[in-house]
Amino acid sequence: MVRLPLTPAEVERGQRLGAVLRRARGARSMLDTALDAGVSPETLRKIESGRVATPAFPTIAAIADVLSLSLDVVWAEINQPDGGAEPSSSSPRAA
């Protein structure tokens, strides 16, 4: 199967996703966050750095859950051209 190249918009959205997750993680270690979410630290590092611009939904859902981030908040922030405001960890979680 041939994978189509990502569009510039997809790459930018992936970079915004990484920034949202980094901010939400704060001082918490990448290793602890990744292990608690059930993903490899390398996967989390690639997502946070924007190298994986289109990660699988279950991966993002697991990371967001560990960081107490609402998926609605994540979605809203990554779809804003300016990256949006800082995520609120007090937002209710998406089901």
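Residues numbered from 1 in each chain as written. Predicted model: local features only at pLDDT ≥ 70, side-chain atom pairs only at ≥ 80, totals over all residues. Heavy atoms only, no water.

Overview of the packing of helix α2 (residues 30-37) against helix α3 (residues 41-49)
Two elements in contact, α2 and α3, have axes separated by 8 Å at closest approach and are oriented at 110 degrees. On the basis of the axis angle, α2 is roughly perpendicular to α3. Where α2 crosses over α3, the handedness of that crossing is right-handed. For the pair α2 and α3, the contacting residues are M30, L31, T33 and A34 in the first and P41, L44, R45 and E48 in the second. (Axes fitted to C-alpha atoms, helices over the stretch in contact; angles between N-to-C directions. Helix = DSSP H or I, 4+ residues; strand = E, 2+ residues; numbered from the N terminus. Parallel < 35°, antiparallel > 145°, perpendicular 65-115°, else oblique. Left-handed = near helix turned anticlockwise from the far one by under 90°. Contact = heavy atoms within 4.5 Å.)

A word on the layout of surface pockets
In this structure, the largest pocket occupies an estimated 310 Å³ of space. The set of elements that each furnish at least two residues to the lining of the largest pocket consists of α1 (8-25), α4 (57-66) and α5 (71-78). Looking at which element gives the most residues to the lining of the largest pocket, the answer is α5, with five residues. Tallied by class, the residues present in the lining of the largest pocket amount to ten nonpolar, two polar and three charged. (1 Å grid on protein atoms, 1.4 Å probe; cavity = no way out; pocket = protein on both sides within 12 Å on 5 of 7 lines; lining within 4 Å. Points joined across faces, edges and corners; volume = space filled by probe spheres on them. Nonpolar A, V, L, I, M, F, W, Y, C, P; charged D, E, K, R; others polar.)

Regarding α5
Of the positions making up α5, those classed as buried are L71, V73, V74, E77 and I78. Taken down its axis, α5 places every buried residue within 160 degrees of arc, on the same side. Structural note: α5 exposes D72 and W75 on the side pointing more than 90 degrees away from its buried face. Buried residues along α5 sit in contact with α1 and α4. The N-capping residue of α5, defined by a side-chain oxygen 3.1 Å from the backbone nitrogen of D72, is S70. (Buried < 20%, exposed > 50% of the residue type's maximum accessible area, 1.4 Å probe, protein only. Arc of directions from axis to C-beta. Polar contact = N/O pair within 3.5 Å; in protein donor to acceptor, adjacent residues only side chain to side chain.)

What about the nonpolar core?
Counting 17 residues, the largest nonpolar core has L17, L21, I47, I60, I63, L69 and V74 as the members making the most contacts within it. Listed by contribution, the elements that provide at least two residues to this core are α1, α2, α3, α4 and α5. Sorting elements by how many residues they give to this core places α4 first, with four residues. (Core = buried A, V, L, I, M, F, W, Y, C linked by side-chain atoms within 4.5 Å.)

Function cannot be inferred from these measures alone, as they are strictly geometric.
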